[in-house]
Amino acid sequence: MSTSSNFSYVPYQVMDADSNFRTTLLRYARNWYWFLLSLTLMLLAAYFYLQFKQPIYLSQSSLLIKDEKKGLDSDNILKDLEIFAPKKIVENEIEVFRSHTLMNQVVKELGLDVTYFHETPYGLRELFQQAPIRLIIEQPTSALYQDKPFTIQFIDSNSIKLDETLYSLNTSVQTPMGRLRFFARQAVSASTEPLHIKVTPRSQTANNFLRVLKAEPTSKASTVIMLSIETGVPDKGEAILNRLIDLYTKASVLDKNRVASNTLNFIDDRLQLVSGELQSVEKGVEHYKSSEGITDLGLQAKGFLESAQQNDTELNQVNIQLQALNDIQKYVHSQPAHRSGTPATLGLSDPTLLGLFETFTKLEAQREQLMRTTSEQNPLVQTVNSQLRTVKANITENIGTMREILTGTRQQFMANNRKIEGVIRTIPAKERILLNITRQQTIKNDLYTYLLRKREETAVSYASAISDSRVIDAALTDAKPVKPNKSLFYLLFGLAGLVLPAVFLGVYDLVNNRVMHRSDVEEGTHVPILGEIIKKKQSEALIIANRSNTVIAEQIRMLRTNLNYLRSSQDGSQVVLFTSSIEGEGKSFISLNLGASLALVGMRTVILEMDLRKPRLRHSLNMPEGPGLSDYLSGETNLAHLVTPIPDKTNYFLITSGPLPPNPSELLTGPRLQQLILDLRKHFDYILIDAPQLV
């Protein structure tokens, strides 16, 4: 839009962030239907995604561990009998629960390397105990372990179809995937839906479950371990946790009873040997008395016998202690792999040595338990090794001291024996021989009784061994799946549904090179802006009337006022030309309604339809055809026949384009156009020219 004035305009611009933000919000509000459509589509997408997504359930179980470093000790009736029970550390037990060996055993016993699926409207869903058959793998081949499940179809109650081949149920069959057995868990028939089976290597299956298994204490000071696992079937997760705890408990009890079992075996071997010797001695006494006719040796012989028996008993005790010391020393200095069993500490009463040996066995058990889950370089293993070396040195030193003491005692007892035997030689030969035989009988009988007592004590400890753990809560599964999180997915998809239209509109604004807002003009030029007109939604071309109070009518009135300020003089007429960059930007609409607004305030206004290629004003006003601008420029008519009043509009006139000429550019550049403008200035206050677009 341009005028004949030499008016200079330099705008004062202040960038208002709130105004820009408000403008952006208004733009989004105008396109609310796109946001609603996008939000609806994304929520529908979230719904169908959740329907096709396999739900994941969380199974949990809790276990109490008796840890000597945490929690409170409780009195146990059989505590004194648990002489071979190692101490537990919660952190180590957590590593045992997460060990591959334990999980691999669970996979083996529950058959978790075979996964069963059935078809649903939303894809394959996993089955566990509900599967109609169970696959038993006898001799697998590499073809069995495929990424894609294979399908089993049920032909009747006794046969199935696999890869177009019929096989019998409950029998071992040879297939391309190896020798398999399909065991029916429930009655099947031809109407039973097909079953999809996927087999995974057992080690890989164990690793997969270990990745989703969590074992952690409920608090730092607590000895309660919370076990949890995520699976696609609730009863599968519960079965895994329950079997895992069961195997852990059995392994714990077996580990505690291993030392006691070795001791029992040693005592049983000794009892068998001593029992044979005792029977031999008793038969000897019986034979000698029978053959020699001996009934009573007399009071003196009895006294010597008692002295000799007491001395021999003490000497035998010393020999047992020396032998026990040798066994302990040999056991301590031998490698664990070369040990046949834990030596018995029978007859030893030194509390220091017994305490050191008990500490040594506990450290050995702790080291073996650590080596199941850690390496030799682990700091805990190194610490235990250091403690073992220290205890081993102390045991060696203590054994040396006790051996010296016992050796001296043994020599003293042997000297007493020689003295008593010298006295006994004065007794008749028969009585002396009987005395020796009876003494051997008593020694063997005392030793046999001692071994029986120790065997009973060890057997009670073995039988009373219980696990150092107790199940607090058996495995339970929440009915609501933990994955996928429906609320979160709906929220994310809903946000995406709101963000996508905003991003699209933002990108559209970035790539849009059209003038959309007032700021687009102010930022790029210093051209004065006389007004802003909203986009018209009505079909009427002329909307300005005496009592028109619409927004667009007020904006045109504001344009009329601002246009008046640009006049260099209030005298004389004003010529205003309307043009645009391209077609359809509203120049004809604005020029027509601005003229009507000027006419309302008493300004004689004429509008020229100068678009000689695509005239629109006459058609918009439904005015009849007549002489027009093309006729005047070609010299076929004069001004008196050219100006036509617009119906129902006082002071408002129109000069139509007339017939479409073949050479509009030549006509507009001729001298008659300038003469027309000069003549119109004499009769009108405003001359509005609706010119064609630039492009």
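The structure reproduced in this document is the subject of the present report. Remember, predicted model here, so these are calculated numbers, not experimental data.

Take the overall build of the protein next. For the protein, the helix and strand inventory stands at 18 helices and 19 strands. Within the protein, the fraction of its 695 residues that count as buried is 38%. A separation of at least 24 residues holds for 77% of the contacts in the protein among residues at least 6 apart in sequence. For the protein, the accessible surface area stands at approximately 39,800 Å², while carbon and sulfur atoms represent 54% of it.

In space, the 6 strands of this open sheet follow the order 4-3-11-6-7-8, with antiparallel pairing throughout. Edge strands, defined here as strands with exactly one partner in the open sheet, are strand 4 (123–127) and strand 8 (165–168). Going across the sheet, the axis of each strand differs from the next one's by a mean of 35°, ignoring polarity. For strand 7 (residues 159–162) and strand 8, the ladder comprises 4 bridges, and the chain directions are antiparallel. Across the sheet, residue Lys161 finds its bridge partner in strand 8, namely Leu166.

Right, let's get into helix 11 (residues 486–511). Owing to its 3.6 residues per turn, the α-helix aligns residues three or four sequence positions apart on the same side. With 26 residues, helix 11 should reach 38 Å at 1.5 Å per residue; the first-to-last C-alpha distance of 37 Å fits that figure. When we look at burial in helix 11, the residues that qualify are Phe493, Gly494, Gly497, Pro501 and Leu505. Two to three positions downstream of the cap, the backbone nitrogen of Ser487 sits 3.3 Å from a side-chain oxygen, assigning the N-cap of helix 11 to Asn485.

With that out of the way, let us pick up the pairing of strand 11 (residues 195–199). If a strand is regular, its side chains alternate between the two faces of the sheet. Most of strand 11 sits inside the fold, with 4 of its 5 residues counted as buried. Bridging between strand 3 (residues 114–120) and strand 11 involves 5 bridges; their strand directions are antiparallel. Following the sheet pairing, Phe117 is matched in strand 11 by His196. Alignment of strand 6 (residues 150–154) against strand 11, held across 3 bridges, turns out to be antiparallel. Among the inter-strand pairings, Phe150 is bridged to a residue of strand 11, identified as Ile197.

Residue Lys483 is joined to Pro484 through a cis peptide bond whose omega torsion reads -10°. Residue position: Pro484 is located in the loop between strand 14 (469–477) and helix 11. With phi around 55°, Asp163 is a residue other than glycine that occupies positive phi space. Relative to the helices and strands, Asp163 resides in the loop between strand 7 and strand 8.

As summarised here, the arrangement of the 4 strands in space is 12-13-2-14, forming an open sheet in which the pairing is antiparallel. Looking at the sheet topology across the chains shown, the edges are occupied by strand 12 (213–217) and strand 14. Strand-to-strand, the axes of this sheet are offset by a mean angle of 15°, without reference to chain direction. Inspection of the sheet shows strand 2 (residues 57–65) paired to strand 14 by 6 bridges, in the antiparallel sense.

What counts, and where the lines are drawn
Residues numbered from 1 in each chain as written. Predicted model: local features only at pLDDT ≥ 70, side-chain atom pairs only at ≥ 80, totals over all residues. Heavy atoms only, no water. Helix = DSSP H or I, 4+ residues; strand = E, 2+ residues; numbered from the N terminus. Buried < 20%, exposed > 50% of the residue type's maximum accessible area, 1.4 Å probe, protein only. Contact = heavy atoms within 4.5 Å. Areas by Shrake-Rupley, 256 points an atom, 1.4 Å probe, with all protein chains shown as cover. Pairing = 2+ DSSP bridges. Axes fitted to C-alpha atoms, helices over the stretch in contact; angles between N-to-C directions. Expected span 1.5 Å × (residues − 1). Polar contact = N/O pair within 3.5 Å; in protein donor to acceptor, adjacent residues only side chain to side chain.

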